Amino acid sequence: MNRFFDPGSVAILGASNDPAKWGFWLSAGALQGTGRRRVYLINSRVASIQSEPTFASFADLPETPELLVISIPGTGVPAVVGEALAAGVTAFLIISSRVPGAADLAERIVSAGARLIGPSSLGVVDSGNDLLLAWGNFTPGSLAVVTQSGQLGTEIATLSARSGLGISRFASIGGQSDVRAAEILNTLVDDADTTQVVLYLESFTGGSALVSAMQALRAAGKPTMILTTGQSDAGARLAKSHTGSLTSAMDTVDAACRAAGAIRLSTPGEAVELAGFLATSWLPAGKRIAIISDSGGQGAIAADRAESHGLRVNVLDAATRARVEAHLPQAGHIDNPIDLDGAGEADLSVHSRLVAELLADESIDSVILSGYFGCYGEDIPALLEAELAEVGQLGETVRSHRKPLIVHSMSADSPAVAALWENSIPAYTSIESVMRVVAGASFYASHAGRITEALERSGPVTPWGTGYTAARDTISAAGVPVPQALTVRRGTELAETMAGSDLTPPFVLKAGWPAHKTELGAIALGLSDATALEHAYTEMVARLGEGEYIVEEMDTRGEAVEILVGGRQDENFGPIVMVGAGGTETELYGDTWLELAPVTHAEALEMVSRLTCYRLLTGWRGRRPADLDELAEIIVSVSRLIAGSNEIQEVEINPVRVTPDGALAVDALVVTNRDEEDDGSTDDDSSTDYDSGNHNAGSTDIPDKESR
């Protein structure tokens, strides 16, 4: 990567004197680095560019450049790349777009032992190495930007310059035809000029390498903020199971961010807002905030916005309230939010005194000051000196407590607002920005990343058979409890199979091959004895034909909660595991949580706690709490199954019936790479897909139906 960010020599093919052309900006930027590297400008039509002599062609250069930057019409790129490769060029930055055969061109470059950024790159910048090979001006600073969209990247760079952060490194990687984002992220881990990173990606090919790179950045104390697209339903992955269809690509990106210790944001503005906070303040220990405002209305809106971002505005404890009340004897509302009620105008020092009391409270993680502060000296020049002195006192207070104080000021750029930033106090003109930043910083602080265990990939847990029996065998071998069962093979009589059986009624009878059993009448519940079972079997075979049938003991335990546990291979990030509300209403609830697999027992419990239906599991309306540890073990087992097999593409258990006395998997689906192209037909027993529905007898919270 050094060839791209600190080359010893660089040549610009397509250099220009026309400010409206890319070649002009590339030439001007490259020439700023002549004190560090040799720069060659190639243009056959003019003798000089920006007072520097030009070369008519690549062949006329006095040496082979370490980095060749190409900004000519796309049709001419393949020929010049061939010439440059023959001359020994090892790094190409291709600005040109509409390059014919771009994929083949990238393969040619890589096969020759060279590297490529582009085509359709908007350039690279390294402020510390005096490298500017992009359109526009980049203010040196501490924020690195790695982006698939060059223009969005330049927007981030512009916002960063306005905020005072500036850019340490910029890389527009286009379609990642060779050099990928993860490689560039790894170069930033030890880059002395970079303290934070913003990453914009439209595709996450090689996602596991991205996670590893972001984990390394987190370990180096360098926050990574991710921007991406695809939050709409149109971006959701279609799959055979709920595990695939209920989760979107964005859910997986969020799981990857949690594993990496990174944070996903929605817009360039949000990224730069948070970067400003992280560069200035301390991370909050949690989500508990106190709000001070000199306006009751602003305080109330601040509290509403805080709660919408998942922050907690708790009532002050008695001791803190008493201390605050001593500073505000005339105030009418001091519970939280605290209304200054004119005290600020009477004595500016009340701000720092109150902030000191609140920051000293261990039950408060951050303090928000909202309203007029920052405007006193701007509107009343006679108060400027006093306001700046108060800012200085606030700065001493936050440095003493090492907790965040964030100001929402009605002024954007007053001397006091500038002084707040200089005193490690972020200030924003919007209360929405304040709460968004505090919520983002709280998330980042509480998600330091985790290293997922790398399991040795093997074949299937058990030899593959067909239908539901194979799915049962697979999850059972992985440690998931299932009901007692017998399989009635093709050509075998039911009575022969059941002879000597120790299965106890009531029974459930299932046809083993259909993907959707309820619609086909391929399942019969509550069969009270052998006679009822024989009758149901005879009727079902008459309708559906010969095949594999399964007889199971029906789970009749009460107080059961139905949970879905699944796993699948994500095409970018690898194995993931999901837990959600199960049963027939799975799609309706859409109540799911997923993580990269495998997970530990503690991580599985954390996943379950994220579900809305978690309250059903912990003792809803006087019910006994369900066996969460047994459920967690099933999640762990599925996560290790999907992470440790070369053949399994998806696993779904829906439902797992969780009761106070344990958990039992009463439905299973397994999809392997052998049958990914299976069309789901039900005329034979060739599929490992299974969808039997629920055995939920006795549950009062989720209806008892035998279909999804």
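You'll find the structure just up there.
Attention in this report is confined to the structure presented alongside it. Just so we're clear, the structure is a prediction, and the values are computed from it rather than from any experiment.

About the cut-offs
Residues numbered from 1 in each chain as written. Predicted model: local features only at pLDDT ≥ 70, side-chain atom pairs only at ≥ 80, totals over all residues. Heavy atoms only, no water. Phe/Tyr/Trp six-rings, centres within 6.5 Å; stacked < 30°, edge-to-face > 60°. Buried < 20%, exposed > 50% of the residue type's maximum accessible area, 1.4 Å probe, protein only. Helix = DSSP H or I, 4+ residues; strand = E, 2+ residues; numbered from the N terminus. Polar contact = N/O pair within 3.5 Å; in protein donor to acceptor, adjacent residues only side chain to side chain. Contact = heavy atoms within 4.5 Å. Pairing = 2+ DSSP bridges. Core = buried A, V, L, I, M, F, W, Y, C linked by side-chain atoms within 4.5 Å. Axes fitted to C-alpha atoms, helices over the stretch in contact; angles between N-to-C directions. Patch = residues over 30% accessible without salt bridge, like charges linked within 9 Å, V, L, I, M, F, W, Y side chains within 5 Å. Areas by Shrake-Rupley, 256 points an atom, 1.4 Å probe, with all protein chains shown as cover. Salt bridge = Lys/Arg side-chain N within 4 Å of Asp/Glu carboxyl O. Lys, Arg positive; Asp, Glu negative; His and termini not counted. Charge placed at Lys NZ, Arg CZ, Asp CG, Glu CD. Expected span 1.5 Å × (residues − 1). Arc of directions from axis to C-beta. Parallel < 35°, antiparallel > 145°, perpendicular 65-115°, else oblique. Nonpolar A, V, L, I, M, F, W, Y, C, P; charged D, E, K, R; others polar. Left-handed = near helix turned anticlockwise from the far one by under 90°.

## A short note on the packing of aromatic side chains
Then step 1. All told, the structure shown has 11 aromatic pairs when counted by the stated rule.
Then step 2. Ring centres of Tyr-372 and Tyr-376 lie 4.8 Å apart, and the angle between their planes is 90°; this geometry places the pair in the edge-to-face category.
Then step 3. Here Tyr-376 falls in the buried class, since its relative accessible area comes to 3%.
Then step 4. Measuring from centroid to centroid gives 5.3 Å for Trp-513 and Tyr-549, while their planes differ by 85°, and the two rings are edge-to-face.

## Some details on the side chain of Glu-357
Then step 1. Position of Glu-357 among the secondary structure elements: in helix H14 (residues 350-359).
Then step 2. Judged by relative accessible area, which is 18%, Glu-357 ranks as buried.
Then step 3. Within the local environment of Glu-357, its side chain forms a polar contact with the side chain of His-327, the two groups lying 3.0 Å apart.
Then step 4. The residues contacting Glu-357, other than those within four sequence positions of it, are Thr-320, Arg-323, Val-324 and His-327.

## Focus: the sheet that holds strand E16 (residues 338-339)
Then step 1. The strand order across the open sheet built from 5 strands is E16-E15-E17-E18-E19, with neighbouring strands paired in parallel fashion. Both edges of this open sheet fall to E16 and strand E19 (427-428), since each of them pairs with a single strand only.
Then step 2. Note: strand E17 (residues 366-371) against strand E18 (residues 405-409), 5 bridges, orientation parallel. By the bridge assignment, Gly-371 is partnered in E18 with Ser-409.

## Examining the nonpolar core
Then step 1. Within the largest apolar cluster, 54 residues are counted, with the highest numbers of intra-cluster contacts made by Ile-12, Val-69, Leu-133, Leu-185, Leu-199 and Leu-210.
Then step 2. The element contributing the most residues to this core is helix H9 (residues 249-260), with 6 residues.
Then step 3. By size, the runner-up hydrophobic cluster in this structure holds 42 residues, among which are Leu-455, Val-561, Ile-563 and Val-608.

## Some remarks on the sheet that holds strand E1 (residues 9-13)
Then step 1. Read from one edge to the other, the open sheet built from 7 strands follows the order E3-E4-E2-E1-E5-E6-E7, with strand pairing classed as mixed. Either end of the sheet is taken by a strand with one partner, and the two such strands are strand E3 (48-49) and strand E7 (115-117).
Then step 2. Judged from the 2 bridges that link them, E3 and strand E4 (residues 52-55) form a sheet pairing that is antiparallel. Across the sheet, Ile-49 pairs through a bridge with Glu-52, a residue of E4.
Then step 3. Running at roughly 165° to strand E6 (residues 91-94), helix H3 (residues 77-87) makes contact with E1, strand E5 (67-70) and E6 of the sheet.

## A word on a negative patch on the surface
Then step 1. Side chains of Glu-493, Glu-496, Glu-534 and Glu-546 sit close together on the surface and give a patch of like negative charge.
Then step 2. Exposure remark for Glu-493: the relative accessible area of 53% places this residue in the exposed category.

## Some points on the side chain of Gln-176
Then step 1. Relative to the assigned elements, Gln-176 resides in the loop between strand E11 (167-172) and helix H6 (181-188).
Then step 2. Exposure remark for Gln-176: the relative accessible area of 4% places this residue in the buried category.
Then step 3. The contacts of Gln-176, once residues within four sequence positions are left out, are Gln-148, Ala-181, Leu-201 and Ser-203.

## Looking at helix H16 (residues 384-401)
Then step 1. End to end, H16 covers 26 Å across 18 residues, agreeing with the expected 26 Å (1.5 Å per residue, within 8%).
Then step 2. For H16, the set of buried residues is Glu-387, Glu-390, Val-391, Leu-394, Gly-395, Thr-397 and Val-398. Relative to the axis of H16, the buried residues are bounded by an arc of 165° and lie together on one face. Facing away from the buried side of H16 by over 90 degrees, the exposed positions are Glu-385, Ala-389 and Ser-400.
Then step 3. The inward-facing, buried residues of H16 contact H14, helix H15 (376-379), E18 and helix H17 (415-422).
Then step 4. At the exit of H16 stands Arg-402, carrying a positive phi of roughly 55°.

## A closer look at the packing of helix H12 (residues 318-327) against H14
Then step 1. Running from amino to carboxyl end, H12 crosses H14 at an angle of 170°, the nearest separation of the two axes being 10 Å. Taken together, H12 and H14 sit at an angle that is classed as roughly antiparallel. Here H12 contributes Thr-320, Arg-323, Val-324 and His-327 to the contact with H14, which in turn contributes Val-350, Arg-353, Leu-354, Glu-357 and Leu-358.
Then step 2. Here the residues of the contact of H12 with H14 are counted per class, giving 4 nonpolar, 2 polar and 3 charged.

## Observations concerning unusual backbone geometry
Then step 1. That bond from Gly-118 to Pro-119 is cis: its omega, 0°, falls within 30 degrees of zero.
Then step 2. Tracing the chain through its elements places Pro-119 in the loop between E7 and strand E8 (123-126).
Then step 3. In this chain, Asn-654 is followed by Pro-655 through a cis amide linkage whose omega measures 5°.
Then step 4. Relative to the assigned elements, Pro-655 resides in strand E27 (residues 648-659).
Then step 5. Residue Ser-424 is not a glycine yet carries a positive backbone phi of 65°.
Then step 6. Here Ser-424 lies in the loop between H17 and E19.
Then step 7. The exposure class of Ser-424 is buried, given its relative accessible area of 17%.
Then step 8. Phi is positive for Arg-621, close to 50°, though the residue is something other than glycine.
Then step 9. The topology assignment puts Arg-621 in the loop between helix H25 (614-617) and helix H26 (628-643).
Then step 10. What makes Arg-621 exposed here is its relative accessible area of 78%.

## Examining the packing of helix H11 (residues 296-308) against helix H18 (residues 431-446)
Then step 1. It is at 9 Å that the axes of H11 and H18 come closest, and there the two elements cross at 35°. Of the two elements, H11 crosses H18, and the hand of that crossing is right-handed. Of the residues in H18, those touching H11 at Ile-301, Ala-302, Arg-305 and Ala-306 are Ile-431, Glu-432 and Met-435.
Then step 2. Class assignment of the residues belonging to the contact of H11 with H18 gives a composition of 5 nonpolar, no polar and 2 charged.

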